[in-house]
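# Structure at a glance
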Amino acid sequence: MNKVVMIAGAGDAVGIRLVKDFLKKEYTVAAALLEGQDAQLPEEVYSVVINPLCQQSATDAAKAVEDKFGAVDLLVVNMDNCTERDEKTILDEPDYDAMKLAYEYNSLGPLRTIEAFLPLLEKGGGKRICAVTSVDSSNNMTRDMRDFPGHVSKAPLNMAMNQLFNGLRPEGYTFRMYGKDPTAGPDKAGEFAVEYFTRNRSNEPESYKHSDENRLVLRDWMGIEIPW
Amino acid sequence: MKNVVITGADRNIGLELVKQFLQRGWQVFAGRYLMELPLLEELKQEYPDTLTLVPLDVSKAETVQAAADMVAGEVDHVDMLIHNAAGFGDHTGGERKAVDYSTFSTPYNINCLGAMRLVHSFLPLMQTGMKRLCFVSSEAGVVSVAHRTEVSSYCMSKTALNMALRLMFNQLQPMGYTFRLYHPGWVRSAKVTHAGEEAPSFEVNGELIGKFWPWETAASAAPQFIEDREWEDRLVLIDNEGAAWPF
């Protein structure tokens, strides 16, 4: 029986790539378009809709996927409402409402979704949680002075994922954090993601001393580790 | 005489920072949020000329701007800003599968956006003077050594604060502003005490929770905030014992 992947956020460039690459790997794919996304998903994909701002919406989606497949092996959360840079700096009047919305959408949306799908992951054999975030979420590497909504909404997700990792890794869960690189262009945005999400990183010859499974790592589309 | 604006000055670390700067002869503008607390009023009697109480709710841009306007009516510039105000929110408390994310926006709004509101509104008053921006953050916001096993709105808000500071630092440091990012240690916090009540209690269910007293960490913070460094071109989180933390 094929493994089941749930892709929450399948309507943007990364999401479309994720769906395509998981199908190629012969996964059974359930996918959520986020409210407002209108992408056409392949026929074989079981589709639902999630509003990242609403817990009940994620819960309803999880119920529908559970009714259809019973369990999920691998969950991917891919939520980003900052599709355009905000060029304001602190010298301008920051758009606090945009920052609040971005936090709700980009950080809390994935957490609401993970919350809703945990019971399905518990039933599945894969127990893997994957998050698409951005290299712009790195407190260490960010050289920018603009786009407060984009940067500031994504860094807290890194913290929350680390805390989920701390709590769930001892229960057998594994995690993948994939950092989109906004400079890489839409074609490259999802490249490597599925390869990364599905690979067993616990026994790689080049990294066995520092297994990615027992620490949480953020990697970009070239597989390069991005510091937190 | 140098001057400083301190947010969240009603009690605990904020109140003790106010005392530290008053004792050093600074003009202090103390941001009041918990108007029912008498501690700042009592301190004002001791320092009638150098302590000014300023209503300041960092969760609302208009009150921050009103505070900046009030300070601008008293002095021609501000040397130092200290963002100490903090909201703590709810931890998941072991109920990982029943997290109420609707409560998560409050600490983000105070701890992160509050710092931005403060800097944005007071920057016009900081074109001259020390140009020093100080922030009480926390190891709780450090992703690379995150050790808690439950998702925490407080930790997420401090990570967000650190990122906002990174963006501000990248722009303002080349303009001559200097930054202090401070982890106060695990500080014992007094519960809210209202006018007429006895001195605040630091005990929780009969136990002292925390490692340091607020006056101890404030005494560590003040010299860090005041003294110049030879390495102002780096944003570093430093704790009350002088140790540098990663991000």
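Residues numbered from 1 in each chain as written. Chains lettered and ligands numbered in written order. Predicted model: local features only at pLDDT ≥ 70, side-chain atom pairs only at ≥ 80, totals over all residues. Heavy atoms only, no water.

## Overview of the overall build of chain A
Stated formally: Only DSSP runs of H or I reaching four residues or more are called helices, and only runs of E reaching two or more are called strands; each is numbered from the N terminus. Here the globule rule reads 2.2 Å times residues to the power 0.38, and the radius of gyration is calculated from C-alpha atoms. Throughout, a residue-residue contact means that at least one pair of heavy atoms, one from each residue, lies within 4.5 Å. Residue burial considers only the protein chains on display, and all accessible areas are found by Shrake-Rupley using a 1.4 Å probe. Positive: Lys, Arg. Negative: Asp, Glu. His and the chain ends are not part of the count. Each charge is placed at NZ for Lys, CZ for Arg, CG for Asp and CD for Glu.
The helix and strand tally for chain A stands at six helices and eight strands. Helices and strands appear in chain A in the N-to-C order β-α-β-β-α-β-α-β-α-β-α-α-β-β. The C-alpha radius of gyration computed for chain A amounts to 17 Å, which stays within 12% of the reference 17 Å derived for 228 residues, consistent with globular compactness. Sequence-distant contacts, at least 24 apart, represent 70% of the contacts inside chain A between residues at least 6 apart. Of the roughly 9300 Å² of accessible surface on chain A, 48% is carried by carbon and sulfur atoms. For chain A, the distance from the average site of its 26 positive side-chain charges to the average site of its 36 negative ones is 6 Å.

## Describing helix α3 (residues 61-72) of chain B
Convention followed: By this rule, a helix spans an expected 1.5 Å times one less than how many residues it contains.
Between its first and last C-alpha, α3(B) extends 16 Å over 12 residues, near the 16 Å set by a 1.5 Å rise per residue. Tucked into the core, α3(B) has its buried residues touching β1 (3-6), β2 (27-32), β3 (51-55) and α4 (105-122) of chain B.

## As for the state of the cysteines
Residue and element names in this part refer to chain B. To be explicit about the condition: The criterion for a disulfide is a pair of cysteine sulfur atoms lying within 2.5 Å. Relative accessibility thresholds used throughout: buried, under 20% of the residue-type maximum; exposed, over 50%; partly exposed, between the two (1.4 Å probe, protein chains only).
Applying the stated criterion across every chain yields a total of zero disulfides over all chains. Cysteine Cys-155 remains unbridged, with the sulfur of Cys-112 as its closest cysteine sulfur at 14 Å. Taking relative accessible area as the criterion, Cys-155 reaches 0% and is therefore assigned buried.

## Comments concerning the confidence of the model for chain B
Cut-off, in case you're wondering: Per-residue confidence from the prediction method is given by pLDDT, with values spanning 0 to 100.
Confidence in the prediction of chain B, expressed as mean pLDDT, is 91, and 91% of residues score 70 or more. Predicted complex, confidence summary: ipTM 0.94, pTM 0.94.

## Brief notes about helix α2 (residues 55-69) of chain A
Residue and element names in this part refer to chain A. Put simply, the rule is: To obtain the arc, one takes the directions from the helix axis to the C-beta atoms.
Over its 15 residues, α2 runs 21 Å from end to end, which matches the ideal 21 Å to within 8%, given 1.5 Å per residue. Three or more residues of α2 are buried, namely Ser-57, Ala-58, Ala-61, Ala-62 and Val-65. What you see down the axis of α2 is that its buried residues fit within an arc of 135°, all on one side. For α2, the elements touching its buried residues are β1 (4-8), β2 (28-34), β3 (46-50) and α3 (96-123). Gly-70, located one to two residues past α2, shows a positive phi value of around 85°.

## Focus on the packing of aromatic side chains
The geometry of an aromatic ring pair is captured by the separation of the ring centres together with the interplanar angle, meaning the angle of the planes. Which entries qualify depends on this criterion: Pairing of aromatic rings covers Phe, Tyr and Trp, the last through its six-membered ring, and needs centres within 6.5 Å; plane angles under 30 degrees mean stacked, over 60 mean edge-to-face, and all others mean tilted.
Applying the stated rule across the entire model yields 13 aromatic pairs over all chains. Ring centres of B:Phe135 and B:Phe179 lie 6.2 Å apart, and the angle between their planes is 25°; on these two criteria the pair is classed as stacked. You can see B:Phe135 sitting in strand β5 (residues 132-136) and its partner B:Phe179 sitting in strand β6 (residues 178-183), a full 44 residues away along the chain. For the ring pair B:Trp213 and B:Trp215, a centre distance of 5.1 Å and an interplane angle of 5° mean the geometry is stacked. Assessed through its relative accessible area of 22%, B:Trp213 is described here as partly exposed. Each member of the aromatic cluster is reached from another via a ring pair, and the members are A:Tyr178, A:Phe192, A:Tyr196 and A:Phe197.

## Examining the interface of chain A and chain B
Selection criterion: Reported buried area values correspond to the accessible surface (1.4 Å probe) lost by two parts on association, with both partners' losses combined. By definition, a salt bridge exists where a carboxyl oxygen of Asp or Glu is found within 4 Å of a side-chain nitrogen of Lys or Arg. What qualifies as a polar contact is a pair of N or O atoms within 3.5 Å, subject to a donor-acceptor requirement within protein and to the restriction that residues adjacent in sequence count only when both atoms come from side chains.
If you look at the interface, chain A gives 47 residues, while chain B gives 44 residues. Across the chain A/chain B interface, buried area totals approximately 3900 Å², and carbon plus sulfur atoms make up 66% of it. On inspection of chain A and its partner chain B, the count reaches zero salt bridges. Where chain A touches chain B, the interface holds 14 residue pairs in polar contact (both at pLDDT 80 or more).

## Quick word on the sheet that holds strand β9 (residues 237-239) of chain B
In any sheet, the strands associate via hydrogen bonds between backbone groups, in a parallel or an antiparallel arrangement. All names here are of chain B. Under the convention used in this document: At least two bridges found by DSSP between two strands are what make those strands a pair. A fitted line through C-alpha atoms serves as each axis, taken over the contacting stretch for helices, and the angle formed by two N-to-C directions is quoted from 0 to 180°.
One open sheet accounts for eight strands, arranged β3-β2-β1-β4-β5-β6-β9-β10; its pairing is mixed. Because the sheet does not close on itself, it has two edges, and the strands there are β3 and β10 (244-245). Where helix α1 (residues 12-23) meets the sheet, its contacts fall on β1, β2, β3 and β4 (80-83), and the angle it forms with β1 comes to roughly 175°. Sitting on the sheet, α3 touches β1, β2 and β3, and the angle it makes with β3 is about 150°.

## Details of the nonpolar core
Condition: In plain words, nonpolar cores are sets of buried Ala, Val, Leu, Ile, Met, Phe, Trp, Tyr and Cys residues tied together by side-chain atoms within 4.5 Å.
The biggest cluster of nonpolar side chains holds 102 residues, and the ones touching the most others in it are A:Met6, A:Phe117, A:Val152, A:Met161, B:Phe122 and B:Met168. Setting aside residues up to four positions removed in sequence, A:Phe117 forms contacts with A:Met6, A:Ile50, A:Ala58, A:Ala61, A:Ala62, A:Val65, A:Val72 and A:Leu75. A:Tyr27, A:Ala193, A:Val194 and A:Tyr196 belong to the second largest nonpolar core, which has 28 residues in total.

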